[in-house]
Amino acid sequence: MDTFSAAVMLFLIMDPLGNLPIFASILRHIDPKKRRRVLIRELLFALGIMLLFLFAGEAILNFLNLRSESVSIAGGIILFLIAIRMIFPQPGGVVGLAAGEEPFIVPMAIPLMAGPSVLAALILLAHTDSTRMLDWTVALLAAWGVSAVILLFYKVFTKVLGEKGLTAVERLMGMVLVMISVQMFLDGIASYMAHMGQVN
């Protein structure tokens, strides 16, 4: 896989367009003056986490005696809880924060931007060819950069859709997220069971 192909793959997995309604839903509960600062901070957190997993993900999982399936299962559970709140809105928005309270790392940085699929893909890239870490880093930075630009202009999409349109898209994305989270959970379980079958 060349650098461009890796960047495209990571961009598609990050799915910034799919995350737009969720990010907009979270940010609209925050003071308008703080929104851009919070968004940039969470994007930088996500980049830092992804770089960490690219260079040390496999070592971290081995040190904690965790399998990569654990990342998928945990991410699926978190996304499922967020999706339920999107479909059935509650005070505090999709993450249950008090009015004006800022999200911190979860859920914007993890698992929405730096989700289990992205982290698993980064670990796989590093594991496949550890001599090309510079290429993988460039691919990650490119994918993150394009995704960040799209998410930073979420207001444009908010204005086009309007309040009712955004609510409708949010609930629709909630349904999609339920399916994605269940699939993520099942993939983790299936992978774990396959591994246990090989061991036995």
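Predicted model only: the values in this text are computed from it and were never measured.

Engineer: Looking at this model, I keep getting lost on the nonpolar core. Mind explaining?
Structural biologist: Where a protein is soluble and globular, its nonpolar side chains tend to be buried together. Counting residues in each nonpolar core, the largest one holds 53 residues, and the members touching the most others are Leu10, Met14, Leu39, Leu43, Met50 and Trp144. When contributions to this core are tallied by element, the ones reaching two or more residues are helix H1 (3-14), helix H2 (16-27), helix H3 (35-63), helix H4 (68-87), helix H5 (108-113), helix H6 (116-128), helix H7 (133-152) and helix H8 (154-199).

Engineer: Even after reading the chapter, I still don't get the environment of Leu161, so can you show me in this structure?
Structural biologist: Mapped onto the secondary structure, Leu161 falls in helix H8. As a C-alpha pair, Leu161 and Val38 span 123 residues in sequence and 22 Å in three-dimensional space.

Engineer: Help me understand the UniProt feature "transmembrane region" (unreviewed entry) in the chain in this model?
Structural biologist: Taking the UniProt record as the reference, the feature "transmembrane region" (unreviewed entry) is found at residues 6-27, 39-64, 70-88, 109-127, 133-154 and 175-194. Taken end to end, residues 39-64 is 96% helix and 0% strand, and its two terminal C-alpha atoms sit 30 Å from one another. Across residues 175-194, helical content stands at 100% and strand content at 0%; the span's end C-alpha atoms are separated by 29 Å.

Engineer: Can you help me understand H4 in this one?
Structural biologist: For H4, built from 20 residues, the straight-helix expectation of 28 Å at 1.5 Å per residue is met to within 8% by its first-to-last C-alpha distance of 29 Å. Of all the residues in H4, the buried ones are Glu69, Ser72, Ile73, Gly75, Gly76, Leu79, Ile82, Ala83, Met86 and Ile87.

Engineer: Would you explain the packing of aromatic side chains in this entry?
Structural biologist: Two measures describe an aromatic ring pair: the distance that separates the ring centres and the angle between the ring planes. Tallied over the entire structure, the rule returns 1 aromatic pair. Ring plane angle 75 degrees and centroid distance 5.2 Å describe the contact between Phe45 and Phe104, whose orientation is recorded as edge-to-face. Taken as a pair, Phe45 in helix H3 and Phe104 in the loop between H4 and H5 lie far apart in primary sequence, 59 residues in all. Looking at Phe45, the relative accessible area reads 28%, which means it is partly exposed.

Engineer: How do you make sense of the confidence of the model for the chain when you look at a structure like this?
Structural biologist: Low pLDDT means the predicted atomic positions in that stretch should not be read closely. In the predicted model, the chain carries a mean pLDDT of 82, and 92% of its residues have values of at least 70. Averaged over each element, pLDDT in the chain is lowest for H4 (76) and highest for H7 (94).

Engineer: Can you walk me through the pattern of salt bridges in this structure?
Structural biologist: A side chain of one charge can pair with a side chain of the opposite charge when the charged atoms of the two come close. By the definition in use, this model includes 2 salt bridges. The partner of Arg41 in a salt bridge is Glu42, with the nearest N and O atoms 3.1 Å apart.

Engineer: What am I meant to see in unusual backbone geometry here?
Structural biologist: Excluding glycine, most residues fall at negative phi; most peptide bonds, likewise, are trans. The peptide bond linking Val106 to Pro107 adopts the cis configuration, its omega dihedral lying at 5 degrees. Looking at the element boundaries, Pro107 is found in the loop between H4 and H5. Omega for the bond connecting Ile110 with Pro111 falls within 30 degrees of zero, at 5 degrees, which places this linkage in the cis form. For Pro111, the location among the structural elements is in helix H5. Notably, Asp15 is not glycine yet its phi reads approximately 50 degrees, a positive angle.

Basis of the calculations
- Residues numbered from 1 in each chain as written.
- Predicted model: local features only at pLDDT ≥ 70, side-chain atom pairs only at ≥ 80, totals over all residues.
- Heavy atoms only, no water.
- Core = buried A, V, L, I, M, F, W, Y, C linked by side-chain atoms within 4.5 Å.
- Buried < 20%, exposed > 50% of the residue type's maximum accessible area, 1.4 Å probe, protein only.
- Helix = DSSP H or I, 4+ residues; strand = E, 2+ residues; numbered from the N terminus.
- UniProt positions renumbered as here; feature names shortened; annotations may be inferred.
- Expected span 1.5 Å × (residues − 1).
- Phe/Tyr/Trp six-rings, centres within 6.5 Å; stacked < 30°, edge-to-face > 60°.
- pLDDT = per-residue confidence, 0-100.
- Salt bridge = Lys/Arg side-chain N within 4 Å of Asp/Glu carboxyl O.

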